[in-house]
Amino acid sequence: MSTSSSHQENPEPKKVQFPLDSTAYQILDEIGFGVSAVVYKAICLPMNNTIVAIKSIDLDQSRANFDNIRRETKTLSLLSHPNILSAHCSFTVDRHLWVVMPFMSAGSLQSIISSAFPDGLPEPCIAVVLRETLKAMSYLHDQGHLHRDIKAGNILIDFNGSVKVADFGVSASVYDANSSGESSIRLNDVAGTPYWMAPEVIHSHNGYGCKADVWSFGITALELAHGGPPLSNLPPSKSLLLKITKRFRFSDYENRHDKNYKSKKFSKAFKDLVGCCLDQDPNKRPTAERLLRHSFFKHCRGLDFLVKNVLQGLPSVEERFKKTRALGGLMKEKGINAEDDEDEEEDDEGSSARQRAKHRRISGWNFNEDEFDLDPVFPVEPQGDSAVKMVRFGGESIIQDRGGEWSESNPSSPGRVEEEAESENVGVMEAGREAMAVGEHSENVGEIRGLLGGGGVDEEALMGALSGNVVGGLDREAMMGALVAFIGSLDEQRQNVMKLLSVLRGVEAWELSREEQMGQVIERLRVELENERGRNFQLEMELEFLRIQVSGAHSSTGAGID
Amino acid sequence: MKGLFKSKPRTPADVVRQTRDLLIYAQRTPDSRESKREEKMSELCKNIREMKSILYGNSESEPVSEACAQLTQEFFKENTLRLLIMCLPKLNLEARKDATQVVANLQRQQVQSKLIASDYLEANIDLMDILIQGYGNTDMALHYGAMLRECIRHQTVARYVLESEHMKKFFDYIQLPNFDIAADAAATFKELLTRHKSTVAEFLSKNYDWFFAEYNSKLLESSNYITRRQAVKLLGDILLDRSNSAVMTRYVSSRDNLRILMNLLRESSKSIQIEAFHVFKLFAANQNKPADIMSILVANRSKLLRLFADFKIDKEDEQFEADKAQVVREIAALEPKDHS
């Protein structure tokens, strides 16, 4: 069973064994992070200081069980394809799992686009990237694996222009999925990142297969062409997303079809490629293998074309990461969650994204070939017109800018909107206003908390006074004043609590599954009930006290009369 | 195919027979001309892939049960599985993966409602030795490991592995530095100790002493975080299984075991603490606590109560809260007994 003979039949390069010991590596820089993972640039000392990327997953923090992590690393270590970012090795370092991977010096296409091509890549460059991505997908699908999170953020480029698909955080094997050996290969978990997600993944009760990746691939093509996936003009802020789900009032994005966007010309072949990937019916979408033979790739350039046209003059991955992180921090301060922007080299599995996706209800998508964009078809609101509404939108600007731009640009648009869109615009503006309000609230949280704390102290003092009074004495006026003040403060506190709850609910709802949401509703009702009980108790106390006072007065006066 | 084989449609049995011939060829030491050998090896890989698509279907067609049955019957009629396992290191990565999936699928195929794979393995049980030793080989570990896990779905095979000397090696395999391999070995270990209830119960009561001595010292007291976390979780699964109640009673009567679990309760890792609690509660709930267990619990009564007072899990879990309340009651009730 010697391994020396194993490669005699196949000229596969022998996998070099990287050291399984953290002391052999020296960490240079942080280049990405996710929910429970950080990605570092590092050198491997005994390997001639080879530069590597290390994804460090906090195992104690990550709720994913070992089986998932095991599956992920096993999938990775059993894949061998020039367009797939494989792992050199993985080992544990105390509570962390280190996955050592080749360092892709140009980073992800998402970060390249946002730092250097905010309006999208030139079409010949897109062709190269998409062809290489398809090769990876074709290999994966042939192996029975789904990637489940194809997007520019997971497509990495090396200094030599080689393109690799990365991050199998949510990838699944269709062979693993059913242990019974049945034929149907369907998966049912919701996974991926919402913008890129195929309709059948969002409505995941029917299960989905390789064609979901083809959909995401189509969205990725639009992302590369426009600088962001469709809908991404809406900031990925959780609160805003919430508003969208709640009312589905997309504004007419006419105003964003600016000169830049309009001047962009895409070839018929490109439009056709994207069009067939974004077919509603998964069965009508071509396989990755067939897509490789699409006419769009007929005159596709080589990898050096990417080096010359994309990589030259690009800031380093580290620099870009620092910039994005600074931006992310800023956005967080403003109360906007920027997690999707931070998905640099390897973003994390995005469990929150997965959860979020569950709440998006889009009944369908229409690919608009003229506009070269995707039109979501939204379910009709009960009170709305019976016709299915179609909303057009583009996606020309980068995500970071959108937080402010979006709400500001709305008032300027109504001039150009059609009648139908106007009502929707109002909805969006409302949503914007509400979102702003949410921001304000969250700033107020500290204050409210202080208030609550203060209230608590007051309450104690009051209770002391109350009991003291009941036992000892008759300072009626002072007592009444205190009680009135107390009731006032209770009401105020109650309102504050309700506000806080609504803010929290607003922010958190995206991360919660339906059951959790139900749980939360129950919890909230419980708190409300508790509050009501408390108030009731206070009022009863008050009543009782007044009764004592009154009867005391009565009996004393009565005694006087008698 | 290059004219070697006519394009006449081959039956699933043909594919198996051809694979077998090529495996026999591959097994021989390579002395013939290299070019011919390469051609035959690639032919072999194609055949293995074809078996896979018969069993799993492909993008064009779903698997046909009749074809699967034919393939399975022919496969186990002769020694194809042994040949395949022996030749696996000589195949390329893709063929190894295909072969692993074929072997996995065959374990579940029924021919005339009989799992013939089980009969074959019973007669060729030494194959398990090869598969288990695969954990010592970085290149083969994941392939052999996956095959092994499928084979131990058969109760007789699982019993053989449990009772073999190999069982002791798992304590080392699951702590190998290579995470993929260690995790694969851990998954197999868990499967062995949880899948076939009666076999596991029998194994544990027969091998109680050495097994739990190793389990405690090598796994629960390991310096490796992952090892401890996985081990305490698995221990809970084992002891809480009703079929292992005799083993559980014995385990929770040992002072040493209690000491180890109490140390795990003090870990800074929340995950380990919670898993440790699920075992610790068995010590506390035991209505016939031996005197030495009792005295340890009494001596640590206040510390334990303090620990449980702010012992919470992120998610609301009624069962957990109920268990905790019961443990607290049990421990709180210890002192009066001591005074009386």
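From a predicted model like this one, the values you see are computed outputs, not experimental measurements.

A look at the overall build of chain A
Then, number 1: On a plain count of helices and strands, chain A comes out with 17 helices and 13 strands.
Then, number 2: Looking at chain A as a whole, 51% of its 562 residues qualify as buried.
Then, number 3: Considering only contacts within chain A whose residues lie at least 6 apart along the sequence, 71% involve residues at least 24 apart.
Then, number 4: Carbon and sulfur atoms make up 53% of the accessible area of chain A, which amounts to about 25,500 Å² in all.

Examining the overall build of chain B
Then, number 1: Per the secondary structure count, chain B includes 21 helices and zero strands.
Then, number 2: A total of 340 residues make up chain B; the buried ones form 55% of that total.
Then, number 3: Long-range pairs, those at least 24 residues apart, make up 71% of the contacts in chain B between residues at least 6 apart in sequence.
Then, number 4: Counting every atom, chain B has about 15,500 Å² of accessible surface; 49% of that belongs to carbon and sulfur.

Thoughts on the state of the cysteines
All names here are of chain A.
Then, number 1: Summed over the entire model, instances satisfying the criterion amount to zero disulfides over all chains.
Then, number 2: Cys277 forms no disulfide, and the closest cysteine sulfur to it belongs to Cys276, at a distance of 4.9 Å.
Then, number 3: What makes Cys277 buried here is its relative accessible area of 0%.

Description of the packing of helix α1 (residues 12–27) of chain B against helix α3 (residues 65–77) of chain B
Residue and element names in this part refer to chain B.
Then, number 1: It is the contact of α1 with α3, at a shortest axis distance of 8 Å, that shows an interaxial angle of 30 degrees. By the criterion of interaxial angle, the relationship of α1 to α3 is roughly parallel. Note that α1 runs across α3; the crossing there is right-handed. Where α1 abuts α3, its residues Pro12, Ala13, Val16, Arg17 and Arg20 lie against Ala67, Gln70, Leu71, Glu74 and Phe75.
Then, number 2: Taken together, the residues that form the contact of α1 with α3 break down as six nonpolar, one polar and three charged.

Quick look at the packing of helix α14 (residues 225–240) of chain B against helix α17 (residues 270–285) of chain B
Residue and element names in this part refer to chain B.
Then, number 1: Where α14 contacts α17, the axes come no closer than 9 Å and their chain directions differ by 30 degrees. By the angle between their directions, the pair α14 and α17 is classed as roughly parallel. Two packed elements cross with a definite hand, and for α14 against α17 that hand is left-handed. Together, Tyr225, Arg228, Arg229, Val232, Lys233, Leu235, Gly236, Leu239 and Leu240 of α14 and Ser271, Ile272, Glu275, Ala276, His278, Val279, Lys281 and Leu282 of α17 make up the contact between the two elements.
Then, number 2: Split by residue class, the contact of α14 with α17 holds nine nonpolar, three polar and five charged.

Topic: the packing of aromatic side chains
Residues and elements named next belong to chain A.
Then, number 1: Per the counting criterion, the structure on display carries 32 aromatic pairs over all chains.
Then, number 2: Pairing Tyr25 with Trp98 gives two aromatic rings, centres 6.5 Å apart and planes at 70 degrees, and the pair type is edge-to-face. Taken together, the positions of Tyr25 in strand β1 (residues 25–33) and Trp98 in strand β5 (residues 96–102) put the pair 73 residues apart, joining distant regions of the chain.
Then, number 3: Residue class for Trp98 comes out buried when judged on its relative accessible area of 10%.

Comments concerning the nonpolar core
Then, number 1: Counting 126 residues, the largest nonpolar core has Phe170(B), Phe189(B), Leu193(B), Tyr215(B) and Phe280(B) as its most contacted members.
Then, number 2: Other than its neighbours up to four places away in sequence, Phe170(B) contacts Ile132(B), Tyr135(B), Leu148(B), Val161(B), Ala185(B), Thr188(B), Phe189(B) and Leu192(B).

What to know about unusual backbone geometry
If a residue is not glycine, its phi is most likely negative; likewise, a peptide bond is most likely trans.
Then, number 1: Residues other than glycine seldom take positive phi values, yet Arg148(A) does so here, at roughly 75 degrees.
Then, number 2: Mapped onto the secondary structure, Arg148(A) falls in the loop between β7 (145–146) and β8 (155–157).
Then, number 3: On the basis of relative accessible area, Arg148(A) is assigned to the buried category, the value being 10%.
Then, number 4: Its identity as a non-glycine residue notwithstanding, Ser113(B) has a phi of 50 degrees, on the positive side.
Then, number 5: Within the fold, Ser113(B) resides in the loop between α5 (93–106) and α6 (116–123).
Then, number 6: Ser113(B) gets classed as exposed once you look at its relative accessible area, which sits at 66%.

Section: the environment of Glu202(B)
Residues and elements named next belong to chain B.
Then, number 1: Locating Glu202 in the fold gives a position in helix α12 (residues 197–206).
Then, number 2: Judged by relative accessible area, which is 35%, Glu202 ranks as partly exposed.
Then, number 3: In this structure, the C-alpha to C-alpha distance between Glu202 and Val247, residues 45 residues apart in sequence, is 9.6 Å.

Let's talk about the sheet that holds β8(A)
All names here are of chain A.
Then, number 1: Pairing in this open sheet of three strands is antiparallel, and the strands run β6-β8-β9 from one edge to the other. Of all strands in the sheet, those with a lone pairing partner are β6 (107–108) and β9 (163–165), marking the two edges.
Then, number 2: Two strands pair when backbone bridges link them, and β8 and β9 are joined in this way by three bridges, in the antiparallel orientation. The residue of β9 that forms the bridge with Ile155 is Val165.

Points about the pattern of salt bridges
For side chains bearing opposite charge, pairing can occur when the charged atoms are close.
Then, number 1: Scanning all chains against the criterion turns up 37 salt bridges over all chains.
Then, number 2: In this structure, the salt-bridge partner of Asp184(B) is Lys74(A), at a minimum N-O distance of 4.0 Å. Residue Asp184(B) is found in helix α11 (residues 179–194), and its partner Lys74(A) is found in helix α1 (residues 66–77); the two belong to separate chains. Each member of the pair, Asp184(B) as well as Lys74(A), carries the same accessibility label: buried.
Then, number 3: Across the pair Asp14(B) and Arg17(B) runs a salt bridge, and its minimum N-O distance is 3.0 Å. One end of the pair, Asp14(B), and the other, Arg17(B), are both in helix α1, three residues apart, so they sit about a helical turn from each other.
Then, number 4: Its relative accessible area of 34% is what places Arg17(B) among the partly exposed residues.

Focus on the pairing of β1(A)
All names here are of chain A.
Then, number 1: For β1 and strand β2 (residues 37–44), the ladder comprises seven bridges, and the chain directions are antiparallel. If you follow Tyr25 over to β2, its bridge partner there is Cys44.
Then, number 2: Counting the residues between successive antiparallel strands, the hairpin from β1 to β2 contains three residues.

Points about the pairing of β2(A)
Residues and elements named next belong to chain A.
Then, number 1: Within β2, six of the eight residues are buried, leaving the element largely enclosed by the surrounding structure.
Then, number 2: The sheet contact formed by β2 and strand β3 (residues 50–58) spans eight bridges and is antiparallel. Looking at the pairing, Cys44 lines up with Thr50 of β3.
Then, number 3: Connecting β2 to the antiparallel partner β3 that follows it, the hairpin turn spans five residues, and Asn48 within it adopts a positive phi of roughly 60 degrees.

Brief notes about the sheet that holds β5(A)
All names here are of chain A.
Then, number 1: Taken together, the five strands give an open sheet; going across it, the order is β1-β2-β3-β5-β4, and neighbouring strands pair in antiparallel fashion. The open sheet has two edge strands with one neighbour each: β1 and β4 (89–93). Within this sheet the neighbouring strands show an average axis-to-axis angle of 30 degrees, counted without direction.
Then, number 2: With seven bridges connecting them, β3 and β5 associate as antiparallel partners. Among the inter-strand pairings, Val52 is bridged to a residue of β5, identified as Pro102.

Structural notes on the confidence of the model for chain A
Residue and element names in this part refer to chain A.
Then, number 1: Per-residue confidence for chain A gives a mean pLDDT of 66, with 51% of residues at or over 70.
Then, number 2: Mean pLDDT in chain A bottoms out at strand β13 (residues 389–390), which sits at 32, and peaks at β9, which reaches 95.
Then, number 3: Low pLDDT (under 50) marks residues 557–562, which in the prediction has one contact with non-local residues, meaning those over four places away or in another chain.

Brief notes about helix α19 (residues 301–309) of chain B
Residues and elements named next belong to chain B.
Then, number 1: The set of residues buried in α19 consists of Arg301, Leu304 and Phe308. Down the axis, α19 shows its buried residues gathered within 70 degrees of arc, on one side only. Turned more than 90 degrees off the buried face of α19, the exposed positions are Lys303, Arg306 and Ala309.

Observations concerning the side chain of Asn124(B)
Then, number 1: Tracing the sequence through the fold places Asn124(B) in the loop between α6 and α7 (127–133).
Then, number 2: When near neighbours in sequence (up to four residues on either side) are disregarded, Asn124(B) contacts Asn79(B) and Arg82(B).

Description of the environment of Gln312(A)
Residues and elements named next belong to chain A.
Then, number 1: Locating Gln312 in the fold gives a position in the loop between α11 (303–311) and α12 (317–333).
Then, number 2: Classification of Gln312 as exposed rests on a relative accessible area of 60%.
Then, number 3: On a C-alpha basis, the gap between Gln312 and Phe159 in space is 9.5 Å, while along the polypeptide they are 153 residues apart.

Parameters and conventions
Residues numbered from 1 in each chain as written. Chains lettered and ligands numbered in written order. Predicted model: local features only at pLDDT ≥ 70, side-chain atom pairs only at ≥ 80, totals over all residues. Heavy atoms only, no water. Helix = DSSP H or I, 4+ residues; strand = E, 2+ residues; numbered from the N terminus. Buried < 20%, exposed > 50% of the residue type's maximum accessible area, 1.4 Å probe, protein only. Contact = heavy atoms within 4.5 Å. Areas by Shrake-Rupley, 256 points an atom, 1.4 Å probe, with all protein chains shown as cover. Disulfide = S-S within 2.5 Å. Axes fitted to C-alpha atoms, helices over the stretch in contact; angles between N-to-C directions. Parallel < 35°, antiparallel > 145°, perpendicular 65-115°, else oblique. Left-handed = near helix turned anticlockwise from the far one by under 90°. Nonpolar A, V, L, I, M, F, W, Y, C, P; charged D, E, K, R; others polar. Phe/Tyr/Trp six-rings, centres within 6.5 Å; stacked < 30°, edge-to-face > 60°. Core = buried A, V, L, I, M, F, W, Y, C linked by side-chain atoms within 4.5 Å. Pairing = 2+ DSSP bridges. Salt bridge = Lys/Arg side-chain N within 4 Å of Asp/Glu carboxyl O. pLDDT = per-residue confidence, 0-100. Arc of directions from axis to C-beta.

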